[in-house]
Structure formats: C-alpha cells, structure tokens
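# Per-entry structural report
Here is what each chain is made of, one letter per residue.
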Amino acid sequence: MEGDPSYRPDVPDVEVELKSILKYVQNILSTKQGSAVIAYDFGIPDITNFHNKSYGEYIKEMEPSLAKTIANYEPRLKSIKVTYDQQDGKTTVMHFKIKAQLSNYENIPIVFE
C-alpha cells in the first residue's frame, strides 16, 4: 500500500461498486413513491395516474423526475441523464436509459437500460 500511491482503501473496486449501484437503482425504480418508510419521495411516481396528460407529456415529466430521484438517493452517481427508450411493439412496458458517471472515478461513463 505504501508503494502504490493510487491505492485508495475508501474507494471500492469499480466492478463491485457498479453492481451495488445497479442493485440500488433497481430498488429505487421498483418502489412507488409514498410507499417507502425512509422517505416519501423515494421511488418512482405513480405511473397509472396520467389521465389529464398525453402519454408523451407524461414521459417528458418522468425523465427529469427519475433523474432527480436517482441523484437524491444514489450519491455514487453524478451527471445523471434519463431518457425514454421507446421499444417498438411493447406498449405495456416503459423503458428508460440512464446515463451517468461514477462519482468516485473520473471519466467512467455508465449506462443502465
């Protein structure tokens, strides 16, 4: 450790950290807002309640909402951008692409789909 100036015991291995982040983002995205004891805004908004908006308007609101929630509850990510990823023929499932960078590592872009 003394001979390796790049050694940082407070920063886990990239692969280990990515797996942990993915699991936690999955937890965030599979939780409905208002149902988590830890915080009312943890999770995703109710996706069944967009009757006064078009589907396109609702999607455009979901993107920044998801990015904000992930940024609030996953500090290991930065520069988070969420975009809707339309899947042809799949009308009952919404797909989003999450692009971000790891906070503990420079120049490591990640994408979750």
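The shown structure was predicted, so the numbers you read here are calculated from the model rather than taken from an experiment.

Rules behind the numbers
- Residues numbered from 1 in each chain as written.
- Predicted model: local features only at pLDDT ≥ 70, side-chain atom pairs only at ≥ 80, totals over all residues.
- Heavy atoms only, no water.
- Phe/Tyr/Trp six-rings, centres within 6.5 Å; stacked < 30°, edge-to-face > 60°.
- Helix = DSSP H or I, 4+ residues; strand = E, 2+ residues; numbered from the N terminus.
- Buried < 20%, exposed > 50% of the residue type's maximum accessible area, 1.4 Å probe, protein only.
- Axes fitted to C-alpha atoms, helices over the stretch in contact; angles between N-to-C directions.
- Parallel < 35°, antiparallel > 145°, perpendicular 65-115°, else oblique.
- Left-handed = near helix turned anticlockwise from the far one by under 90°.
- Contact = heavy atoms within 4.5 Å.
- Nonpolar A, V, L, I, M, F, W, Y, C, P; charged D, E, K, R; others polar.
- Core = buried A, V, L, I, M, F, W, Y, C linked by side-chain atoms within 4.5 Å.
- Pairing = 2+ DSSP bridges.

What the rule picks out here adds up to three aromatic pairs. Taking 5.1 Å as the distance between ring centres and 80° as the angle between the ring planes, the aromatic pair formed by phenylalanine 42 and tyrosine 73 counts as edge-to-face. Of this pair, phenylalanine 42 sits in the loop between α1 (14-29) and α2 (55-73) while tyrosine 73 is found in helix α2, placing the two residues 31 residues apart along the sequence. Here tyrosine 84 and phenylalanine 96 contribute two aromatic rings whose centre-to-centre distance is 5.6 Å and whose plane-to-plane angle is 70°, an arrangement assigned as edge-to-face. Linking tyrosine 84 in strand β1 (residues 77-84) with phenylalanine 96 in strand β2 (residues 96-102), this pair joins segments that are 12 residues apart in sequence. A residue is classified by how much of its surface remains accessible, and tyrosine 84, at 22% relative accessible area, is partly exposed. Residue classification places phenylalanine 96 among the buried positions, given a relative accessible area of 15%.

Running from N to C, α1 and α2 point in directions that differ by 130°, and their axes come no closer than 11 Å. By the angle class used here, α1 and α2 are oblique. In this structure, the crossing between α1 and α2 has a hand that is right-handed. Facing α1, whose interface residues are Tyr24, Val25, Ile28 and Leu29, α2 presents Leu66, Thr69, Ile70 and Tyr73. Classifying every residue of the contact of α1 with α2 gives seven nonpolar, one polar and no charged.

With that settled, consider the nonpolar core. If you look at the biggest cluster of nonpolar residues, it comprises 19 residues, and the most contacted ones within it are Val25, Ile70, Leu77, Ile80, Val82, Ile98 and Phe112. Going through the elements one at a time, α1, α2, β1, β2 and β3 (109-112) are the ones with two or more residues in this core. A total of six residues in this core trace back to one element, the largest contributor, which is α2. In terms of nonpolar packing, the next biggest core, distinct from the first, is built from five residues, Ile28, Ala39, Phe42 and Tyr73 among them.

Covered by surrounding structure in β3 are Ile110 and Phe112 only, the residues Pro109 and Val111 on the alternate face being uncovered. Examined bridge by bridge, β2 and β3 share four bridges and lie antiparallel to one another. Bridged to alanine 100 within β3 is isoleucine 110. In sequence, β2 turns back onto β3 through a hairpin of six residues, with asparagine 107 there showing a positive phi of about 60°.

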